[in-house]
Amino acid sequence: MFRNQYDTDVTTWSPAGRLFQVEYAMEAVKQGSAAIGLRSKTHVVLACVNKASSELSSHQKKIFKVDDHIGVAIAGLTADGRVLSRYMRNECINYSYTYESPLPVGRLVCTQRSWKRPYGVGLLIGGLDESGAHLYYNCPSGNYFEYQAFAIGSRSQAAKTYLERKFETFVDSSRENLIKDALFALRETLQGEKLTSSNCTIAVLGIGEAFSTLDQETVQRLINEFEVVGEDPPAEAAAAPDQSDGAEPGPAAAAADDDDQETPAADQGAAPMDI
Amino acid sequence: MNVADSAPAMNNLIGSDADSQRTLYPYVTGTSVVGIKYKDGILLAADMGDYLACHDSGSYGSTLRYKTVERMKSVGKHSIIGASGEISDFQEIMRYLDELILYDNMWDDGNSFGPKEVHNYLTRVMYNRRNKFNPLWNSLVLGGVKNGQKYLGTVNMIGVHYEDNHVATGFGNHLSRPILRDEWHENLTFEEGVKLLEKCMRVLLYRDRSAVNKLQIAKITEEGVTISQPYSLKTFWNFAAFQNPTVGAEGSW
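Parameters and conventions
The numbers attached to residues start from 1 for each chain and follow its sequence in the written order. Here every chain gets a letter starting at A, and every ligand a number starting at 1, in the order they are written. Totals for whole chains, interfaces and linings use all residues, but because this is a predicted model, local features are given only for residues with pLDDT of at least 70 and pairs of side-chain atoms are given and counted only at 80 or more. Calculation of side-chain values draws on the structure's entire complement of heavy atoms; hydrogens and water are dropped beforehand. Segments assigned H or I by DSSP are reported as helices when at least four residues long, segments assigned E as strands when at least two residues long, and all are numbered from the N terminus. Exposure classes here rest on a 1.4 Å probe applied to the protein chains alone. A residue is buried below 20% of its type maximum, exposed above 50%, and partly exposed in between. The criterion used for residue contact is that any of the two residues' heavy atoms lie within 4.5 Å. Here the accessible surface of atoms and residues is derived via Shrake-Rupley with a 1.4 Å probe, and residues count as covered only by protein chains that are part of the display. Only residues whose relative accessible area exceeds 30% and that take part in no salt bridge are eligible for patches, with like-charged residues grouped when within 9 Å of each other and nonpolar side chains (Val, Leu, Ile, Met, Phe, Trp, Tyr) grouped when within 5 Å. Only one rule defines a salt bridge in this text: a Lys or Arg side-chain nitrogen within 4 Å of an Asp or Glu carboxyl oxygen. A strand pair is defined by DSSP finding two or more bridges across the two strands. Here an angle of 0 to 180 degrees is reported between the N-to-C directions of two axes, which are lines fitted to C-alpha atoms, with helices fitted over the stretch in contact. To estimate the expected span of a helix, count its residues, drop one, and scale the result by 1.5 Å.

**Details of the overall build of chain A**
Consideration 1: Each helix and strand counted, chain A has seven helices and ten strands in total.
Consideration 2: The 275 residues of chain A split such that 51% are buried.
Consideration 3: Summarising the internal contacts of chain A: among those between residues at least 6 apart in sequence, 65% fall at separations of at least 24.
Consideration 4: Working note: accessible area of chain A is about 12,900 Å², and carbon and sulfur atoms make up 53% of it.

**Brief notes about a nonpolar patch on the surface**
Consideration 1: A cluster of nonpolar side chains, contributed by Phe 236, Trp 237, Phe 239 and Phe 242 of chain B, occupies part of the molecular surface with about 440 Å² of accessible area.
Consideration 2: For Phe 239 of chain B, a relative accessible area of 43% translates into the label partly exposed.

**Regarding the environment of Lys 61 of chain A**
Consideration 1: With respect to the helices, strands and loops of the structure, Lys 61 of chain A is situated in the loop between strand S2 (43–49) and strand S3 (63–67).
Consideration 2: The exposure class of Lys 61 of chain A is exposed, given its relative accessible area of 52%.

**Here we look at the sheet that holds strand S1 (residues 35–39) of chain A**
Residues and elements named next belong to chain A.
Consideration 1: Pairing within the open sheet is antiparallel, and its five strands lie in the order S8-S1-S2-S9-S10. Edge positions in the open sheet fall to strand S8 (149–152) and strand S10 (209–213), since each of these has one partner strand only. Between one strand and the next, the sheet's axes are offset by a mean angle of 10°, whatever the strand orientation.
Consideration 2: Pairing geometry for S1 and S8, over four bridges, is antiparallel. Bridge pairing links Ile 36 to Ala 151 in S8.
Consideration 3: Along the sheet, helix H4 (residues 156–166) makes contact with S1 and S8, crossing S8 at roughly 170°.

**Section: helix H1 (residues 20–31) of chain A**
Consideration 1: End to end, H1 of chain A covers 17 Å across twelve residues, agreeing with the expected 16 Å (1.5 Å per residue, within 8%).
Consideration 2: Within H1 of chain A the residues assigned to the buried category are Phe 20, Val 22, Glu 23, Ala 25, Met 26, Ala 28, Val 29 and Lys 30 of chain A.

**Some remarks on the pattern of salt bridges**
Consideration 1: Applying the stated rule across the entire model yields 19 salt bridges over all chains.
Consideration 2: Here Lys 30 of chain A and Glu 27 of chain A are joined by a salt bridge, their closest N and O atoms 2.9 Å apart. Here Lys 30 of chain A and its partner Glu 27 of chain A are both found in helix H1, three residues apart, which amounts to about one turn of the helix.
Consideration 3: Judged by its relative accessible area of 14%, Lys 30 of chain A falls in the buried class.
Consideration 4: In this structure, Arg 107 of chain A and Asp 104 of chain B form a salt bridge, with 2.7 Å as the shortest nitrogen-oxygen distance. With one member in each of two chains, Arg 107 of chain A in helix H3 (residues 105–109) and Asp 104 of chain B in helix H3 (residues 87–107) form a pair that bridges those chains. Each member of the pair, Arg 107 of chain A as well as Asp 104 of chain B, is classed as buried.
Consideration 5: Sharing partners across several salt bridges, the network here consists of Arg 107 of chain A together with Asp 104 and Asp 109 of chain B.

Right under this line is the structure:
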């Protein structure tokens, strides 16, 4: 009701104890194209949808290497994402220079800064440290959470539903199966469009494996593999076999078409941000 | 802007005022530290004598002033450091390291600095101070064990740093390292390691005039750090040549 009075400034609280500017920034994340992260004990996989704005243009890079042992996938204002990636790369380099050792990823995620406006981008940060593989989600509010698997961006709810079904198998998953699960989850967000290596990007890092983005051939091969098998989820226990695109339940399906204009209110609810 | 403007500023840097702010020569110094890797971890040895430098600008010798100074300390859970050179600078270094470990612990996240990280941090500190012409007048040995990996390195006041299976500072480099090159091997037991270090320290005792016969051995393994109580080495001075030292050279002393 009074939303518009208290939402001009990031330094103004609403009477209900909310910072609307930050919440608006979180909306920007939901507008961006989907990004997904999953981890096992030893590996982290980041995947994202790459939509070029027109046939003539190339798509934006949404997955960045921050260091050999840390990678980040972004959703939202990609320009802000690039600024943050650069900052994180800087932090990693400085740490490496002083200590000759990789920066533990948990220490990277709790460094947020406040300028004139919150960053309009969500970060899925995958990294390794002494205690194994980690996946964190950093949101514009400055909060961060650790996840076994997560999805952000438009139509991410469909991917999250898939991940919620399968996440218990991820801990001990092999590298290959983890990547296949990421591709499956990604396909959920495409809502009927065909998943090909030209509309997605996959990146992997793990113990003994530096961060790298998989090349198109490899990705296409993996996609073909599971399409040929008849679209069953890879190996693993129970779970209803994943039927072909379109049968997936979830509120995101109601948003029909291709455009990224889903109704965030229906999807996520206008809930106060978790502190 | 011009050379003329900067000249007075330059003079202040090199002038006598600034000199009182920086270390020009060491005042209270400790001598060699020797360190070796052994089967279960690292062993360090250092004596406990600190000498006060001469009292004037000429050379008058020095005084054995402090005989209970501990020149080896533990750093966090995984490392130990041994220092030779200016003791007050070592105390300053310990303050830096204690602060470093404190902030590391405050993260409380399961990650901790190992000996490699501490060694590199120290290298940055030492080299930076040297570049400002205000060195920490020390030669340091840094050793430790983390996740089964043994680490032993050294860094000195000009920032020279390296790691090896055995390291030493000062005179130890000239007198002890040759012994270690011949007799060190992987899988020394604790007793063998201590015997080897004692052999090195004995030579230093005979030949380094700033060594004293009161030493400590520090041990670090995956389990933790132990620094022994001070003890003395047995020495032998009854060589025939020492009985009548001036017999071949009348008039000398």
